[in-house]
Amino acid sequence: MRIIDSHFHWWPRSVSERLCKRKTYPRAEVNGRGGYTYLRQDNVDYVLSSWAEWFDLDRQLAHMDGLGHQVDVVCSIGPFSVFFSDLPKEEGRDAAIQWNEEMAGAQGKYPGRVWASAAVPLIDTKIAIEVLDDAVNRLGLMGVNLPGSIGSDARIDAERLQPFYARVEQLGLPVFLHPTDAVFADMLTGYDGSLHLSLGRVIEVSVAAMRLVLSGTMERHPNLKIVMSHTGGALPYQSGRMDKNTPRAKLPKPASTYLKRMYTDTVSPHAAGLKFAIEYYGIDHVVYGTDYPCWDPATALALLNELGLSKEDQDKLFYGNARRILGLRDPAPGGVQQAVREPALI
């Protein structure tokens, strides 16, 4: 079976090494696991750490080869994406371009097997659009990453960002919405980070998605493609509560209308949760993902096997949906990898 893993993380070392050279926050330090510890501020309970597997793409793909399937991957940033918006705006721009060039290099090395999405700093809207256009038009990246916050500012729905969302919509790009550790980590302290990792990230991605709904961003941009991580956080399971309370936001439709326009992945260690996410969003709005190297792809496959999906639904979940939703197509002659773009909106 051919599979596309749509929630896969490979991080280039060069950007982490760049952060290691900084003397002030945010910065990074080499750790004893072959990776880095990322520090946004002082005296925090939980810090983001990586290990060797995050940085060796050849080794990652070799691991996928051992699953008994042909596995193509879509690289997104994950919790690290907030750092580009933590930096001063020019420095964040340069770091994002460096990241995007590394991603383009990976696509070029593995055309048709590795796809990659762009880092964009969001503290300056003009720079965000410039970096986005460069990532797509010069480097050929296929999507864009949206952290759950802009540094410590949770307002990804800020009015100043509406031109950015309009440009993303115009380009037909999928937006990978992933939680970071900038908003809820401080209030969910203790237990060696287990409380934040269990609930903080779920809450963050849920709040971020609802901000896009309540602000009218999803209403104003009907073709905006938001790909939520982690089976949509808490939102599928609290959808009725969202509908009950969102009339205060004066939306023309119930919140669930906009939520069900979004897409999600299968990153959850809970078969019943996976089943409900598929029922809520519909099989055509769900893509397979593992969160590798955070989670084990073999376990992810085993959990999905418990659902008893039809052959047709398996084909959609594991391959067809990603091709359609993310706009992927085979490399052009000569090895140039491209993504399908929707027509520009006039």
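The rules we used
- Residues numbered from 1 in each chain as written.
- Predicted model: local features only at pLDDT ≥ 70, side-chain atom pairs only at ≥ 80, totals over all residues.
- Heavy atoms only, no water.
- Pairing = 2+ DSSP bridges.
- Helix = DSSP H or I, 4+ residues; strand = E, 2+ residues; numbered from the N terminus.
- Buried < 20%, exposed > 50% of the residue type's maximum accessible area, 1.4 Å probe, protein only.
- Core = buried A, V, L, I, M, F, W, Y, C linked by side-chain atoms within 4.5 Å.
- Contact = heavy atoms within 4.5 Å.
- Phe/Tyr/Trp six-rings, centres within 6.5 Å; stacked < 30°, edge-to-face > 60°.
- Lys NZ or Arg CZ within 6 Å of the ring centre and 35° of its normal.

> Looking at this model, I keep getting lost on the sheet that holds strand E7 (residues 144-147). Mind explaining?
Strands pair in a sheet through their backbones, by hydrogen bonds, and they do so in one of two ways: parallel or antiparallel. The 5 strands are arranged E7-E8-E9-E10-E11 in an open sheet whose pairing can be described as parallel. The open sheet is flanked by E7 and strand E11 (286-287), the only strands paired with a single partner.

> Help me out: how do you make sense of the pairing of strand E5 (residues 70-75) in this one?
It is a general feature of regular strands that their side chains alternate between the two faces of the sheet. By the criterion of burial, E5 is predominantly enclosed, with 5 of the 6 residues buried. Pairing geometry for strand E1 (residues 2-8) and E5, over 5 bridges, is parallel. Paired with phenylalanine 8 across the bridge in E5 is cysteine 75. Alignment of E5 against strand E6 (residues 114-116), held across 3 bridges, turns out to be parallel. Bridged to valine 73 within E6 is valine 114.

> What is the right way to look at the nonpolar core in this model?
In a soluble, globular protein the nonpolar side chains are often hidden away together inside. Grouped together as the largest cluster of nonpolar side chains are 94 residues, with contacts concentrated most on Tyr38, Phe80 and Phe164. Top element by residues in this core is helix H5 (residues 125-138). It accounts for 7 residues. Ignoring anything within four residues of it in the chain, the contact list for phenylalanine 164 reads Val120, Leu122, Thr125, Ala128, Ile129, Leu132 and Val144. Val74, Trp115, Ala322 and Leu326 belong to the second-largest nonpolar core, a separate cluster that totals 12 residues.

> What's the story with the packing of aromatic side chains in this structure? I'm lost.
The full count for this structure, using the stated rule, is 19 aromatic pairs. Seen from their ring centres, phenylalanine 80 and phenylalanine 84 are 5.6 Å apart, and the 80° between their planes marks the pair as edge-to-face. Like phenylalanine 80, the residue phenylalanine 84 is buried in the burial classification. Just above the ring of tyrosine 280 sits the side chain of lysine 260; from NZ or CZ to the centre is 4.7 Å.

> I would appreciate a short explanation of unusual backbone geometry in the present structure.
Glycine aside, residues mostly have negative phi, and peptide bonds are mostly found in the trans state. A cis amide bond links tyrosine 25 to the next residue, proline 26, at an omega of 0°. When you line up the elements, proline 26 lands in the loop between helix H1 (13-20) and strand E2 (27-30). Between tyrosine 292 and proline 293 the backbone carries a cis peptide bond, its omega angle lying at 10°. Here proline 293 is to be found in the loop between E11 and helix H12 (297-305).

So yeah, pure geometry; function would need other evidence.
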